[in-house]
Amino acid sequence: MKAVLCKAWGSPDTLVVEDLPDLVPGAGQVVIDVKAAGVNFPDVLIIQNKYQFKPELPFTPGSELSGVVRAVGEGVGKINVGDKVIAFIGHGAFAQQVIAPAQAVMPMPPGMDFDTAAAITLTYGTSHHAVVDRAQLKAGETMLVLGAAGGVGLATIEIGKALGARVIAAASSDEKLAICKEHGADLTINYSTEDLREAIKAATDGKGPDVIYDPVGGIYAEPAFRSIGWRGRYLVIGFANGEIPKLPLNLTLLKGASLVGVFWGEFAKREPKANMAAMRELMGWLAEGKIKPHISGRYALKDTAIALNDIAARKVTGKVVIQPEK
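Everything numeric here is computed off the predicted structure, so don't read it as measured data. Every chain is numbered independently, its residues counted from 1 as its sequence is written. The predicted nature of this model means local features are confined to residues of pLDDT at least 70 and side-chain atom pairs, given and counted, to a pLDDT of 80 or more, with totals for whole chains, interfaces and linings taken over all residues. To obtain the side-chain values, all non-hydrogen atoms of the structure were included, while hydrogens and water were left out.

*Asks:* Outline the overall build of the protein chain, supporting the account with residue identities and numerical values.
*Replies:* The helix and strand labels rest on DSSP assignments: H or I over at least four residues marks a helix, E over at least two residues marks a strand, and numbering proceeds from the N terminus. Within the protein chain one finds 11 helices and 15 strands. In summary, the protein chain has a C-alpha radius of gyration of 20 Å against a globular reference of 20 Å for 326 residues, a match within 12%. The principal-axis extents of the C-alpha atoms in the protein chain amount to approximately 60 × 40 × 35 Å. Buried positions account for 54% of the 326 residues belonging to the protein chain. For this analysis, residues touch if any pair of their heavy atoms sits within 4.5 Å. Within the protein chain, contacts between residues at least 6 apart in sequence are counted, and of these 68% link residues at least 24 apart. Computed over 34 positive and 34 negative side-chain charges, the separation of the two mean positions in the protein chain equals 4 Å. C-alpha atoms define the radius of gyration in this analysis, and the globule rule sets the expected value at 2.2 Å times the number of residues to the power 0.38. Classification of residues uses two cut-offs on accessible area relative to the type maximum, computed with a 1.4 Å probe and protein chains only: under 20% is buried, over 50% is exposed, and between them is partly exposed. Counted as positive: Lys and Arg. Counted as negative: Asp and Glu. His and the chain ends are not counted at all. A charge is said to be at NZ when it belongs to Lys, at CZ for Arg, at CG for Asp and at CD for Glu.

*Asks:* Outline the packing of aromatic side chains, supporting the account with residue identities and numerical values.
*Replies:* Centres within 6.5 Å make a pair out of two Phe, Tyr or Trp rings, where for Trp the six-membered ring is used; the pair is then stacked when the planes are under 30 degrees apart, edge-to-face when over 60, and tilted otherwise. Counted by the stated rule, this structure contains four aromatic pairs. With a centroid separation of 5.9 Å and 45° between ring planes, the pair formed by Trp9 and Phe59 is classed as tilted. Of the two residues, Trp9 is situated in the loop between strand S1 (2-5) and strand S2 (16-19) and Phe59 in the loop between helix H1 (41-46) and strand S4 (64-72); the sequence distance between them amounts to 50 residues. With centroids separated by 4.5 Å and ring planes inclined at 70°, the aromatic side chains of Phe88 and Trp264 adopt a geometry described as edge-to-face. With a gap of 176 residues between them, Phe88 in strand S5 (residues 84-88) and Trp264 in helix H9 (residues 264-270) connect regions that are remote in the sequence.

*Asks:* Describe the sheet that holds strand S10 (residues 187-190), naming the residues involved and giving the relevant values.
*Replies:* Ordered in space as S10-S9-S8-S11-S12-S13, the six strands form an open sheet in which the pairing is parallel. Two strands in the sheet have a free side with no partner beyond their single neighbour: S10 and strand S13 (258-261). In this sheet, neighbouring strand axes are inclined to one another by 20° on average, regardless of whether the strands run parallel or antiparallel. On the sheet, helix H3 (residues 121-134) packs against strand S8 (142-145), strand S11 (211-214), strand S12 (233-236) and S13 and is oriented at approximately 160° with respect to S11. By definition, two strands form a pair when at least two bridges between them are found by DSSP. Axis lines are fitted through C-alpha atoms, for helices just across the contact stretch, and the angle between N-to-C directions can take any value from 0 to 180 degrees.

*Asks:* Requested: an account of helix H5 (residues 174-182), with residues and values cited.
*Replies:* Buried within H5 are the following residues: Lys176, Leu177, Ile179 and Cys180. The buried residues of H5 occupy an angular sector of 155° when projected down its axis, which confines them to one face. Residues of H5 that are exposed and angled more than 90 degrees away from the buried face: Asp174, Glu175 and Glu182. Close packing links the buried residues of H5 with helix H4 (151-162), strand S9 (166-171) and S10. Positive phi appears at Gly184, one or two residues downstream of H5, with a value of about 115°. Of all possible arcs, the one meant is that of the directions from the helix axis to the C-beta atoms.

*Asks:* Could you give an account of the pattern of salt bridges, naming the residues involved and the relevant values?
*Replies:* The term salt bridge refers to a pairing of a side-chain nitrogen on Lys or Arg with a carboxyl oxygen on Asp or Glu at a separation within 4 Å. Enumeration over the complete set of coordinates arrives at 14 salt bridges. Note that Asp22 and Arg70 form a salt bridge whose closest N and O atoms lie 3.4 Å from each other. With a gap of 48 residues between them, Asp22 in the loop between S2 and strand S3 (29-39) and Arg70 in strand S4 connect regions that are remote in the sequence. The residue Glu64 makes a salt bridge to Lys319 at a minimum N-O spacing of 2.4 Å. Highlighted residues: Glu64 in strand S4 and Lys319 in strand S15 (residues 319-323), separated in sequence by 255 residues. For Glu64, a relative accessible area of 0% gives the class buried. Given a relative accessible area of 3%, Lys319 falls into the buried group. Each of the salt bridges in this network shares a partner with another, and the network as a whole consists of Asp22, Asp33 and Arg70.

*Asks:* So what about the nonpolar core? Which residues, and what values?
*Replies:* Nonpolar side chains in soluble globular proteins tend to end up buried together. Put simply, buried Ala, Val, Leu, Ile, Met, Phe, Trp, Tyr and Cys residues joined by side-chain atoms within 4.5 Å make one nonpolar core. Membership of the largest hydrophobic core comes to 42 residues, with the highest contact counts inside it found for Ile157, Cys180, Tyr213 and Leu235. Contributing elements (two or more residues each) for this core: H3, S8, H4, S9, H5, S11, H9 and helix H10 (272-288). Leaving out residues up to four positions away in the same chain, Ile157 has contacts with Val145, Ala148, Val167, Ala169, Cys180, His183, Gly184 and Ala185. Counting residues in each nonpolar core, the second largest holds 34 residues, with Val39, Leu65, Ile79 and Ala87 among its members.

*Asks:* Hey, could you go over the pairing of S15 for me, with residue numbers and the actual values?
*Replies:* By the criterion of burial, S15 is predominantly enclosed, with five of the five residues buried. Covered by surrounding structure in S15 are Lys319, Val321 and Gln323 together with Val320 and Ile322, the residues of both alternating faces. For S3 and S15, the ladder comprises three bridges, and the chain directions are antiparallel. What sits directly across from Val39, in S15, is Val320. Bridge count for strand S14 (residues 295-300) against S15 is five bridges, and the pairing is parallel. Residue pairing across strands places Ala300 opposite Gln323, the latter belonging to S15. A crossover gets the label right-handed when its path from the first strand over the helix to the second runs clockwise, viewed with the strands pointing away from the viewer. At this point the chain moves from S14, through helix H11 (residues 304-312), to the parallel S15, and the crossover so formed is right-handed.

*Asks:* If you had to explain the side chain of Asn275 to someone new, which residues and values would you point to?
*Replies:* Among the secondary structure elements, Asn275 is positioned in helix H10. Accessibility expressed as a relative area gives 9% for Asn275, which makes it buried. Dropping the residues within four chain positions of it, Asn275 is found in contact with Trp264, Phe267 and Ala268.

Structural data, given as structure tokens:
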């Protein structure tokens, strides 16, 4: 089988594709023929040794996938060869085959395609954990989403609307904001052409948003936090901008506001039952049409570096997937 390998820390262009032996499952494991693998911003960071999770070299990046069970190890129940499944793992998805622990595998809902299945765990899992669990967003509240046209951004818009909230999407171009509107955003802000604080003030009648979802960091974090409403919750998702902002902590005092960290991967590991309950709710919303992953690109395994570079350059809207058989 073919797999993408990271043999030394570096940019996406340092990755190689090599032939490796077929995988054999151990006890409690399954081997999956990968049909699609979701590409995420952490994949860019992991291969540069800049992420919280640091695998040993060499390794295959990629953490979420869909496919067909190829082999089942000893002690695995309820999963059979030929089953269509979704899996979230630490690494290994950018390959034709992957080994996954049985507890990280869930059945694909009937009628779901492989690309959609590969695009739902990390972005929607992160956003559900952030918005529902950490922020406890309520119907009628207002949420501002920064970097709203990215994978987690669009997922957050949809989740906010499913909960009955008013959602303001902020992004860097009118083209990206048009996609945000298609996914349910009530109002939009182009922070490349508009003053962010003034635009937030106008969009909220001066009250500020109840929740701010920030996967970007950088220069927009402080003006956004200065605009937050009383008892607001500021969700720290990540730093796609590349810069970790330094916020004056007196702002939390003045606003009676909370800075809330969101680390979905650790949540899924520490609280697997709560994570599976969230996934079941997401699958229900998917079946009802309340959420629908926006997949803007599909890449062959040999083009994994291009996909990661596009993510790093923030050229991508929604999600992109690797199709190992392409």
